[in-house]
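Spelled out, the chains give:
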Amino acid sequence: MRAALIVVAAGAVALTGCGSSSSDGDDGDATEAASTAGSGEFTPVTVDNCGFEVTIDSPPERVVTIKSTSTEMMLALGLADRLVGTAFADGPVPGEYAGDLDGVPVLSDNVPGQEALLDVEPDFVYGGWESNFGADTAGERPSLADFGIATYVSPAACQDPEYQPDPMTFDELFAEIREVASFFGATDRADALIAEQQALLDQVEAPGEGLTALWYSSGEDAPFVGGDIGAPAMMMRELGLENIFADVHATWSNVSWEQVIDRNPDVIVLVDAAWNTADSKIERLEGNPATAALPAVAEQRYLRLPFPAAEAGVRNAQAVVDLAAQLEELGL
(Lines give C-alpha, C1' and ligand atoms only; values in the text may rest on other atoms or scores of the structure.)
Protein backbone atom coordinates (compact mmCIF):
# COMPACT_ATOMS: atom_id res chain seq x y z
CA MET A 1 0.00 0.00 0.00
CA ARG A 2 1.23 3.50 -0.70
CA ALA A 3 2.24 5.83 2.08
CA ALA A 4 -0.38 8.16 3.51
CA LEU A 5 -0.46 11.92 2.98
CA ILE A 6 1.75 13.73 5.49
CA VAL A 7 0.81 17.26 6.54
CA VAL A 8 3.95 19.26 7.22
CA ALA A 9 2.48 22.59 8.23
CA ALA A 10 0.33 23.22 11.28
CA GLY A 11 -3.41 23.37 10.96
CA ALA A 12 -5.99 21.25 9.22
CA VAL A 13 -7.46 22.03 5.83
CA ALA A 14 -10.49 24.24 6.35
CA LEU A 15 -13.53 23.95 4.13
CA THR A 16 -15.64 26.96 3.18
CA GLY A 17 -18.41 25.08 1.45
CA CYS A 18 -18.91 24.11 -2.15
CA GLY A 19 -18.58 26.94 -4.64
CA SER A 20 -18.61 27.41 -8.36
CA SER A 21 -15.85 25.61 -10.19
CA SER A 22 -15.22 28.80 -12.15
CA SER A 23 -14.73 31.00 -9.09
CA ASP A 24 -10.91 30.85 -9.15
CA GLY A 25 -10.33 33.76 -11.49
CA ASP A 26 -13.31 35.96 -10.68
CA ASP A 27 -11.34 38.68 -8.88
CA GLY A 28 -8.38 38.66 -11.26
CA ASP A 29 -5.91 38.35 -8.41
CA ALA A 30 -3.57 35.53 -9.47
CA THR A 31 -1.88 35.28 -6.09
CA GLU A 32 -5.14 34.93 -4.21
CA ALA A 33 -6.45 32.46 -6.80
CA ALA A 34 -3.36 30.32 -6.36
CA SER A 35 -3.82 30.15 -2.60
CA THR A 36 -7.56 29.46 -2.73
CA ALA A 37 -7.76 27.19 -5.75
CA GLY A 38 -10.66 25.16 -4.47
CA SER A 39 -12.28 27.81 -2.25
CA GLY A 40 -10.63 25.95 0.63
CA GLU A 41 -7.48 26.95 2.50
CA PHE A 42 -4.16 25.55 1.31
CA THR A 43 -1.80 23.75 3.67
CA PRO A 44 1.71 22.81 2.45
CA VAL A 45 2.08 19.05 2.14
CA THR A 46 4.71 16.41 1.55
CA VAL A 47 3.79 13.02 0.09
CA ASP A 48 5.71 9.83 -0.57
CA ASN A 49 4.71 9.20 -4.18
CA CYS A 50 5.87 5.85 -5.60
CA GLY A 51 8.91 6.15 -3.33
CA PHE A 52 9.75 9.73 -4.40
CA GLU A 53 9.21 12.54 -1.91
CA VAL A 54 7.12 15.41 -3.26
CA THR A 55 6.68 18.66 -1.34
CA ILE A 56 4.11 21.24 -2.37
CA ASP A 57 4.74 24.55 -0.57
CA SER A 58 2.19 26.55 -2.57
CA PRO A 59 -0.52 25.59 -5.07
CA PRO A 60 0.96 24.86 -8.51
CA GLU A 61 0.03 27.45 -11.11
CA ARG A 62 1.53 25.93 -14.29
CA VAL A 63 0.65 22.26 -14.67
CA VAL A 64 1.44 19.77 -17.43
CA THR A 65 -0.46 16.49 -17.52
CA ILE A 66 0.74 13.33 -19.24
CA LYS A 67 -1.90 10.65 -20.00
CA SER A 68 -5.68 11.04 -20.08
CA THR A 69 -6.15 9.92 -16.49
CA SER A 70 -4.14 12.84 -15.11
CA THR A 71 -5.67 15.39 -17.48
CA GLU A 72 -9.19 14.27 -16.60
CA MET A 73 -8.42 14.32 -12.87
CA MET A 74 -7.47 17.99 -13.15
CA LEU A 75 -10.59 18.77 -15.17
CA ALA A 76 -12.88 16.89 -12.78
CA LEU A 77 -11.44 18.90 -9.89
CA GLY A 78 -12.16 22.15 -11.73
CA LEU A 79 -8.47 22.95 -12.20
CA ALA A 80 -8.39 23.45 -15.97
CA ASP A 81 -7.13 27.02 -15.50
CA ARG A 82 -3.85 25.61 -14.13
CA LEU A 83 -3.05 23.62 -17.27
CA VAL A 84 -0.31 24.94 -19.54
CA GLY A 85 0.05 21.74 -21.54
CA THR A 86 -1.22 18.19 -21.95
CA ALA A 87 0.30 15.14 -23.62
CA PHE A 88 -0.25 11.47 -24.43
CA ALA A 89 -4.05 11.55 -24.64
CA ASP A 90 -5.60 8.10 -24.90
CA GLY A 91 -8.73 9.51 -26.50
CA PRO A 92 -10.99 12.55 -26.35
CA VAL A 93 -12.04 13.84 -22.95
CA PRO A 94 -15.71 13.44 -21.96
CA GLY A 95 -17.94 16.00 -23.63
CA GLU A 96 -18.57 17.87 -20.40
CA TYR A 97 -14.88 18.84 -20.28
CA ALA A 98 -14.18 19.41 -23.97
CA GLY A 99 -14.32 23.20 -23.77
CA ASP A 100 -12.05 23.26 -20.73
CA LEU A 101 -9.03 22.46 -22.89
CA ASP A 102 -9.56 25.27 -25.38
CA GLY A 103 -6.28 27.11 -25.66
CA VAL A 104 -4.29 24.48 -23.74
CA PRO A 105 -1.44 23.31 -25.99
CA VAL A 106 -0.91 19.62 -26.72
CA LEU A 107 2.81 19.12 -26.22
CA SER A 108 2.94 15.67 -27.80
CA ASP A 109 0.73 12.82 -28.89
CA ASN A 110 3.03 10.64 -26.81
CA VAL A 111 5.22 11.46 -23.82
CA PRO A 112 6.81 14.88 -24.42
CA GLY A 113 10.56 15.25 -24.46
CA GLN A 114 12.16 17.31 -21.73
CA GLU A 115 12.82 20.26 -24.05
CA ALA A 116 9.13 20.50 -25.04
CA LEU A 117 8.17 20.20 -21.40
CA LEU A 118 10.54 22.93 -20.21
CA ASP A 119 9.38 25.27 -22.97
CA VAL A 120 6.04 25.79 -21.22
CA GLU A 121 7.75 26.43 -17.86
CA PRO A 122 5.66 24.13 -15.65
CA ASP A 123 5.95 24.09 -11.88
CA PHE A 124 4.15 20.73 -11.61
CA VAL A 125 3.96 17.69 -13.90
CA TYR A 126 1.32 15.03 -13.26
CA GLY A 127 1.96 11.73 -15.01
CA GLY A 128 -0.29 8.74 -15.45
CA TRP A 129 2.59 6.25 -15.57
CA GLU A 130 6.00 6.11 -13.87
CA SER A 131 7.57 5.59 -17.29
CA ASN A 132 6.45 9.11 -18.25
CA PHE A 133 9.46 10.28 -16.24
CA GLY A 134 12.69 8.99 -17.71
CA ALA A 135 15.91 10.24 -19.23
CA ASP A 136 14.52 9.56 -22.71
CA THR A 137 11.02 10.90 -22.01
CA ALA A 138 9.94 13.95 -19.99
CA GLY A 139 12.98 13.79 -17.73
CA GLU A 140 13.84 11.95 -14.55
CA ARG A 141 12.08 13.15 -11.45
CA PRO A 142 15.22 14.26 -9.55
CA SER A 143 16.45 16.27 -12.54
CA LEU A 144 13.06 17.97 -12.93
CA ALA A 145 13.15 18.76 -9.22
CA ASP A 146 16.48 20.51 -9.83
CA PHE A 147 14.59 22.79 -12.24
CA GLY A 148 12.08 23.55 -9.50
CA ILE A 149 9.42 21.31 -11.06
CA ALA A 150 7.42 19.05 -8.75
CA THR A 151 6.30 15.72 -10.21
CA TYR A 152 3.54 13.31 -9.30
CA VAL A 153 2.55 9.89 -10.62
CA SER A 154 -0.91 8.42 -10.28
CA PRO A 155 -0.44 6.09 -7.28
CA ALA A 156 -2.42 3.37 -9.09
CA ALA A 157 0.51 3.20 -11.54
CA CYS A 158 3.29 2.75 -8.97
CA GLN A 159 5.35 -0.30 -9.93
CA ASP A 160 7.25 -0.97 -6.71
CA PRO A 161 5.27 -3.61 -4.76
CA GLU A 162 5.65 -1.46 -1.65
CA TYR A 163 3.61 1.29 -3.30
CA GLN A 164 1.48 -0.51 -5.88
CA PRO A 165 -2.15 -0.85 -4.75
CA ASP A 166 -2.79 -4.55 -4.13
CA PRO A 167 -5.57 -4.68 -5.08
CA MET A 168 -6.69 -1.42 -6.63
CA THR A 169 -9.94 -0.24 -5.02
CA PHE A 170 -12.23 2.74 -5.30
CA ASP A 171 -10.99 3.79 -1.86
CA GLU A 172 -7.48 4.01 -3.34
CA LEU A 173 -8.82 6.06 -6.25
CA PHE A 174 -10.66 8.39 -3.87
CA ALA A 175 -7.42 8.79 -1.89
CA GLU A 176 -5.69 9.98 -5.08
CA ILE A 177 -8.49 12.47 -5.69
CA ARG A 178 -8.04 13.87 -2.18
CA GLU A 179 -4.25 13.90 -2.48
CA VAL A 180 -4.20 15.78 -5.80
CA ALA A 181 -6.83 18.21 -4.53
CA SER A 182 -4.72 18.91 -1.44
CA PHE A 183 -1.93 20.28 -3.66
CA PHE A 184 -4.29 23.02 -4.85
CA GLY A 185 -6.35 23.72 -1.74
CA ALA A 186 -9.27 22.11 -3.55
CA THR A 187 -10.44 19.69 -0.87
CA ASP A 188 -14.05 20.84 -1.13
CA ARG A 189 -14.03 19.90 -4.80
CA ALA A 190 -12.54 16.52 -3.94
CA ASP A 191 -15.33 15.85 -1.46
CA ALA A 192 -17.97 16.76 -4.04
CA LEU A 193 -16.33 14.65 -6.76
CA ILE A 194 -16.02 11.62 -4.50
CA ALA A 195 -19.65 11.96 -3.45
CA GLU A 196 -20.68 12.02 -7.12
CA GLN A 197 -18.57 8.95 -7.86
CA GLN A 198 -19.92 7.03 -4.87
CA ALA A 199 -23.48 7.88 -5.91
CA LEU A 200 -22.77 6.34 -9.32
CA LEU A 201 -21.39 3.17 -7.73
CA ASP A 202 -24.38 2.93 -5.41
CA GLN A 203 -26.63 2.59 -8.48
CA VAL A 204 -25.03 -0.74 -9.40
CA GLU A 205 -26.10 -3.96 -7.69
CA ALA A 206 -23.70 -6.54 -9.13
CA PRO A 207 -25.64 -7.44 -12.29
CA GLY A 208 -22.88 -9.84 -13.31
CA GLU A 209 -23.19 -12.06 -10.24
CA GLY A 210 -22.51 -15.65 -11.23
CA LEU A 211 -20.93 -14.74 -14.57
CA THR A 212 -17.30 -15.02 -15.64
CA ALA A 213 -15.52 -12.42 -17.76
CA LEU A 214 -12.46 -11.82 -19.90
CA TRP A 215 -11.11 -8.26 -19.85
CA TYR A 216 -9.50 -7.98 -23.29
CA SER A 217 -7.33 -4.88 -23.51
CA SER A 218 -5.16 -5.47 -26.57
CA GLY A 219 -2.88 -7.97 -28.31
CA GLU A 220 -3.23 -10.38 -31.19
CA ASP A 221 -0.95 -13.41 -30.83
CA ALA A 222 -0.95 -13.10 -27.02
CA PRO A 223 -3.96 -11.22 -25.64
CA PHE A 224 -3.23 -8.56 -23.04
CA VAL A 225 -5.84 -8.98 -20.33
CA GLY A 226 -6.90 -7.59 -16.98
CA GLY A 227 -5.35 -9.40 -14.03
CA ASP A 228 -6.45 -9.48 -10.39
CA ILE A 229 -5.11 -6.28 -8.82
CA GLY A 230 -5.68 -3.35 -11.19
CA ALA A 231 -8.49 -1.10 -12.35
CA PRO A 232 -10.07 -3.81 -14.57
CA ALA A 233 -10.41 -6.14 -11.58
CA MET A 234 -11.73 -3.27 -9.46
CA MET A 235 -14.52 -2.59 -11.94
CA MET A 236 -15.32 -6.26 -12.45
CA ARG A 237 -15.71 -6.69 -8.69
CA GLU A 238 -18.24 -3.84 -8.61
CA LEU A 239 -20.16 -5.58 -11.41
CA GLY A 240 -20.12 -8.93 -9.63
CA LEU A 241 -18.18 -10.52 -12.51
CA GLU A 242 -15.65 -13.25 -11.83
CA ASN A 243 -12.41 -12.51 -13.69
CA ILE A 244 -11.24 -15.63 -15.53
CA PHE A 245 -7.68 -14.46 -14.86
CA ALA A 246 -8.11 -13.76 -11.16
CA ASP A 247 -5.11 -16.03 -10.59
CA VAL A 248 -2.85 -13.54 -12.40
CA HIS A 249 -1.37 -11.30 -9.70
CA ALA A 250 -0.88 -8.25 -11.90
CA THR A 251 -2.74 -5.24 -13.21
CA TRP A 252 -2.55 -6.53 -16.77
CA SER A 253 -0.75 -9.49 -18.31
CA ASN A 254 -0.24 -11.33 -21.57
CA VAL A 255 -1.85 -14.76 -21.67
CA SER A 256 -2.48 -17.32 -24.42
CA TRP A 257 -5.58 -17.85 -26.52
CA GLU A 258 -5.53 -21.46 -25.37
CA GLN A 259 -6.02 -20.24 -21.79
CA VAL A 260 -8.91 -18.01 -22.85
CA ILE A 261 -10.58 -20.89 -24.67
CA ASP A 262 -10.05 -23.26 -21.76
CA ARG A 263 -11.55 -20.79 -19.26
CA ASN A 264 -14.51 -20.01 -21.54
CA PRO A 265 -15.77 -16.62 -20.27
CA ASP A 266 -19.47 -15.85 -20.17
CA VAL A 267 -18.84 -12.26 -21.34
CA ILE A 268 -15.93 -10.39 -22.89
CA VAL A 269 -15.08 -6.80 -21.96
CA LEU A 270 -13.53 -5.05 -24.96
CA VAL A 271 -11.36 -1.99 -24.45
CA ASP A 272 -11.94 0.42 -27.32
CA ALA A 273 -8.73 2.27 -28.24
CA ALA A 274 -8.00 4.23 -31.40
CA TRP A 275 -4.99 1.99 -32.07
CA ASN A 276 -6.83 -1.25 -31.19
CA THR A 277 -10.56 -0.79 -31.53
CA ALA A 278 -13.29 -2.95 -30.04
CA ASP A 279 -14.45 -3.69 -33.59
CA SER A 280 -11.00 -4.97 -34.55
CA LYS A 281 -11.01 -7.23 -31.50
CA ILE A 282 -14.41 -8.61 -32.47
CA GLU A 283 -13.15 -9.26 -35.99
CA ARG A 284 -10.17 -11.12 -34.53
CA LEU A 285 -12.31 -13.18 -32.14
CA GLU A 286 -14.88 -14.07 -34.78
CA GLY A 287 -12.30 -14.67 -37.51
CA ASN A 288 -10.41 -17.35 -35.59
CA PRO A 289 -12.28 -20.68 -35.64
CA ALA A 290 -11.05 -21.57 -32.15
CA THR A 291 -12.27 -18.39 -30.47
CA ALA A 292 -15.31 -18.11 -32.72
CA ALA A 293 -16.59 -21.33 -31.14
CA LEU A 294 -16.68 -19.74 -27.69
CA PRO A 295 -20.33 -19.17 -26.69
CA ALA A 296 -19.50 -15.58 -25.64
CA VAL A 297 -18.23 -14.90 -29.16
CA ALA A 298 -20.85 -16.89 -31.03
CA GLU A 299 -23.60 -15.06 -29.12
CA GLN A 300 -21.77 -11.70 -29.20
CA ARG A 301 -21.77 -11.24 -25.44
CA TYR A 302 -19.56 -8.17 -25.59
CA LEU A 303 -19.21 -5.19 -23.27
CA ARG A 304 -17.33 -2.11 -24.48
CA LEU A 305 -15.61 0.78 -22.78
CA PRO A 306 -13.21 3.49 -24.04
CA PHE A 307 -9.53 3.10 -23.24
CA PRO A 308 -9.31 6.17 -20.94
CA ALA A 309 -11.97 4.54 -18.73
CA ALA A 310 -9.97 1.32 -18.48
CA GLU A 311 -7.15 2.80 -16.39
CA ALA A 312 -7.60 4.00 -12.82
CA GLY A 313 -9.17 7.45 -12.92
CA VAL A 314 -12.24 9.58 -12.60
CA ARG A 315 -14.05 7.71 -15.41
CA ASN A 316 -14.15 4.37 -13.60
CA ALA A 317 -17.35 4.90 -11.62
CA GLN A 318 -19.30 5.93 -14.72
CA ALA A 319 -17.71 2.99 -16.57
CA VAL A 320 -19.16 0.63 -13.95
CA VAL A 321 -22.60 2.14 -14.52
CA ASP A 322 -22.25 1.88 -18.32
CA LEU A 323 -20.98 -1.71 -18.20
CA ALA A 324 -23.79 -2.67 -15.83
CA ALA A 325 -26.33 -1.32 -18.34
CA GLN A 326 -24.68 -3.30 -21.13
CA LEU A 327 -24.76 -6.45 -19.00
CA GLU A 328 -28.45 -6.03 -18.33
CA GLU A 329 -29.10 -5.57 -22.05
CA LEU A 330 -27.50 -8.96 -22.67
CA GLY A 331 -30.17 -10.51 -20.44
CA LEU A 332 -27.95 -13.29 -19.13
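These numbers come from a predicted model, not from an experiment. (Residues numbered from 1 in each chain as written. Predicted model: local features only at pLDDT ≥ 70, side-chain atom pairs only at ≥ 80, totals over all residues. Heavy atoms only, no water.)

**Focus on the packing of helix α7 (residues 231-239) against helix α12 (residues 316-330)**
Put simply, α7 and α12 touch, their axes get as near as 10 Å, and they point 50° apart. Between α7 and α12, the interaxial angle falls into the category oblique. The crossing of α7 and α12 is right-handed. In this structure, α7 uses A231, M234, M235, E238 and L239 to contact α12, whose residues at the interface are N316, A319, V320, L323, A324 and L327. A class-by-class count of the residues in the contact of α7 with α12 yields nine nonpolar, one polar and one charged. (Axes fitted to C-alpha atoms, helices over the stretch in contact; angles between N-to-C directions. Helix = DSSP H or I, 4+ residues; strand = E, 2+ residues; numbered from the N terminus. Parallel < 35°, antiparallel > 145°, perpendicular 65-115°, else oblique. Left-handed = near helix turned anticlockwise from the far one by under 90°. Contact = heavy atoms within 4.5 Å. Nonpolar A, V, L, I, M, F, W, Y, C, P; charged D, E, K, R; others polar.)

**Considerations on the sheet that holds strand β6 (residues 106-108)**
Consider a sheet: its strands pair through backbone hydrogen bonds, and that pairing is either parallel or antiparallel. Spatial strand order, β6-β5-β4-β7-β8: five strands in an open sheet with parallel pairing. With partners counted over all chains shown, the strands left at the sheet margins are β6 and β8 (150-153), one partner each. Geometrically, the sheet is characterised by an average inter-axis angle of 20° between neighbouring strands, direction not taken into account. Bridge count between strand β5 (residues 83-87) and β6: two bridges; the pairing is parallel. Of the residues in β6, the one forming a bridge with T86 is V106. Of the strands in this sheet, β7 (124-127) and β8 are in contact with helix α5 (residues 170-183), which crosses β8 at around 170°. (Pairing = 2+ DSSP bridges.)

**Details of the nonpolar core**
Counting residues in each nonpolar core, the largest one holds 64 residues, and the members touching the most others are L77, F124, I177, F184, W215, L241 and L305. Not counting residues within four places of it along the chain, the set of residues in contact with W215 comprises F224, V225, G226, P232, M235, M236, W252, V269, V271, L305, A310 and L323. The next biggest cluster of nonpolar side chains, apart from the first, holds 19 residues, and it includes V225, V260, I282 and V297. (Core = buried A, V, L, I, M, F, W, Y, C linked by side-chain atoms within 4.5 Å. Buried < 20%, exposed > 50% of the residue type's maximum accessible area, 1.4 Å probe, protein only.)

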